[in-house]
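Structural overview
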Amino acid sequence: MVSLINLEKIINSELSTKIKSSQIKHNQIYIVINSEDLLDVISFLKTNPETKFRQLIDITAVDYLETE
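Conventions used here
- Residues numbered from 1 in each chain as written.
- Predicted model: local features only at pLDDT ≥ 70, side-chain atom pairs only at ≥ 80, totals over all residues.
- Heavy atoms only, no water.
- Salt bridge = Lys/Arg side-chain N within 4 Å of Asp/Glu carboxyl O.
- Helix = DSSP H or I, 4+ residues; strand = E, 2+ residues; numbered from the N terminus.
- Buried < 20%, exposed > 50% of the residue type's maximum accessible area, 1.4 Å probe, protein only.

To continue, consider the pattern of salt bridges. If charged atoms from side chains of opposite charge come close, those side chains can pair. Scanning the entire structure with this criterion turns up two salt bridges. With a closest N to O distance of 3.2 Å, Lys18 and Asp40 form a salt bridge. With Lys18 in the loop between α1 (4–14) and β1 (19–25) and Asp40 in helix α2 (residues 38–47), this residue pair connects regions lying 22 residues apart in the sequence. Assessed through its relative accessible area of 41%, Asp40 is described here as partly exposed. Through salt bridges with shared partners, a single network forms among Lys18, Asp37 and Asp40.

Now the structure itself:
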């Protein structure tokens, strides 16, 4: 089993142009991406031999409205 720290390193190195930020909190990896990169990122996580994610549990979206 790959440790969370190593997993975060793999994700950041392989998806460096798509990951805006990442962190490990509460024994979970949190990554921030742009919405247009979602399919590329989840496809990588599922098919890469180093990651092989099998289940997507949660996607959270935030829309920062511009204020005048």
